[in-house]
Amino acid sequence: MTIRLPSADGSLRTYEPRTEPLALPPGTPFTSRTVFSAAHVVADPYADVSPDSPAAVDWDATLAFRRHLWSHGLGVAEAMDTAQRGMGLDWAGAAELIRRSAAEARGTGGRIACGVGTDQLTGGTLAAIRAAYEEQLAVVEEAGAQAVLMASRALAAEAKSPEDYLETYGHLLRQAAEPVILHWLGPMFDPALAGYWGSADLDAATDTFLEVIAAHPDKVDGVKISLLDARREIELRRRLPQGVRCYTGDDFHYPELIAGDEQGFSHALLGIFDPLGPLAAQAVRVLDTGNTEGFRELLDPTVELSRHLFQPPTRFYKTGVVFLAWLAGHQAHFTMVGGLQSARSLPHFARAYELADALGLFPDPKLAEERMKTLLSLYGVNQ
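Model, not experiment: these values are computed from the prediction.

Draft legend 1. Spotlight on helix 6 (residues 202–215). With 14 residues, helix 6 should cover 20 Å at 1.5 Å per step; its first-to-last C-alpha distance of 20 Å lies within 8% of that length. Residues of helix 6 that are buried in the fold lie against helix 5 (162–175), strand 7 (180–185), strand 8 (220–226) and helix 7 (230–238). For helix 6, the side-chain oxygen to backbone nitrogen distance between the N-cap and Asp-203 is 2.8 Å, and the N-cap itself is Asp-201.

Draft legend 2. Structural detail: the packing of helix 12 (residues 317–327) against helix 14 (residues 365–378). The contact between helix 12 and helix 14 brings their axes to 8 Å, and the two run at 125°. One element, helix 12, and the other, helix 14, form an angle in the oblique class. From helix 12, Phe-323, Trp-326 and Leu-327 reach across to helix 14, where they touch Leu-367, Ala-368, Arg-371, Met-372 and Leu-375. Partitioning the contact of helix 12 with helix 14 into residue classes produces 7 nonpolar, no polar and 1 charged.

Draft legend 3. Seen up close, the layout of surface pockets. A volume near 330 Å³ is recorded for the largest pocket. Together, 23 residues line the largest pocket, and Arg-85, Asp-119, Ala-151, Arg-153 and Asp-190 are the ones closest to its centre. Partitioned by chemical class, the residues of the lining of the largest pocket number 10 nonpolar, 7 polar and 6 charged.

Draft legend 4. Looking closely at unusual backbone geometry. Put simply, Pro-312 and Pro-313 share a cis peptide bond, and its omega is -10°. By the secondary structure assignment, Pro-313 is in the loop between helix 11 (303–309) and helix 12. The phi torsion at Ala-79 lies on the positive side, around 55°, for a residue other than glycine. Along the polypeptide, Ala-79 turns up in the loop between strand 4 (75–78) and helix 2 (91–108). Residue Ala-79 is classed as buried on the basis of its relative accessible area, which comes to 0%. In this structure, Trp-197 is a non-glycine residue whose phi angle is positive, near 70°. Along the chain, the position of Trp-197 falls in the loop between strand 7 and helix 6. Trp-197 gets classed as buried once you look at its relative accessible area, which sits at 0%.

Parameters at a glance
Residues numbered from 1 in each chain as written. Predicted model: local features only at pLDDT ≥ 70, side-chain atom pairs only at ≥ 80, totals over all residues. Heavy atoms only, no water. Helix = DSSP H or I, 4+ residues; strand = E, 2+ residues; numbered from the N terminus. Expected span 1.5 Å × (residues − 1). Contact = heavy atoms within 4.5 Å. Polar contact = N/O pair within 3.5 Å; in protein donor to acceptor, adjacent residues only side chain to side chain. Axes fitted to C-alpha atoms, helices over the stretch in contact; angles between N-to-C directions. Parallel < 35°, antiparallel > 145°, perpendicular 65-115°, else oblique. Nonpolar A, V, L, I, M, F, W, Y, C, P; charged D, E, K, R; others polar. 1 Å grid on protein atoms, 1.4 Å probe; cavity = no way out; pocket = protein on both sides within 12 Å on 5 of 7 lines; lining within 4 Å. Points joined across faces, edges and corners; volume = space filled by probe spheres on them. Buried < 20%, exposed > 50% of the residue type's maximum accessible area, 1.4 Å probe, protein only.

Any link to function would need more than the numbers given here.
Here it is in structure tokens:
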């Protein structure tokens, strides 16, 4: 059995899919690392909406995917970038997602952390930005979930100095009921966040970020770094106050960062752990036994797929994540909120399929092959 896949140069190549998936059974939470998968949302393909309409979400399929992640011992990072916050999912939809997922987490015993931002605003004063953060923080806390204070486009546009960040975050941390995760999302994920923490100089921005944490270490569970710069993450990790975790958000270097070195390691909050969930969970369980080499042997081969999905424009990685969820049978269609299924090319999809199949990520390789052939036929590639 073979399938013809298009290459970037316009040619077709022949690929022989694997016939058996990896054996990746469910399991319990981990002991050596705290690991969250940032989860995608499943669109309702029957809703009569346009790309700029409020998101129409298939709640049953969306929650079923979260149960899948919890069953493998992973935590769920909800209503964050992978769920298309600000790229198809507005605050009203995110609030509903938070409430539903948090209730599901309570029912299943799953761990959940939820994104808190300011995406109900298109602009505004610092006071309005603080109020928007407070509104979202209240929703997350009332749902019984841990809060992740996400970077704010509105704050990036309005802040005039590092002091504006110190004041805004200090105000929020003082009133947070429980320790939060601070999230630094780089401009490769969202161009509107360039210059966050008051400077385009990453060294200066890092100093401001650390100043926020140092002023409120009891209110910061950890920090999530998504800059795709392993060296910078390691340096920042070593400067964190004792007890404050570093959650890697580096989808290019996660195996080495999670494995760590003689001076420490990173926990994880990763979008790539949406498609990699069961395999990532198995790797972390190996790490729990102290077998770093076995952990790397399982996870290192996944980096090529991750780098492919997160290639520039990096913000469109969600398209590949949802595409693989469709091929894996977690949803019945390849439709995304905001029409984002159109954000990547056919050769990109073909390579993603090839890499994921080679890793054994598809529970039913035959189903994945059939769905890939269906997509190819829609683009005029006949087998």
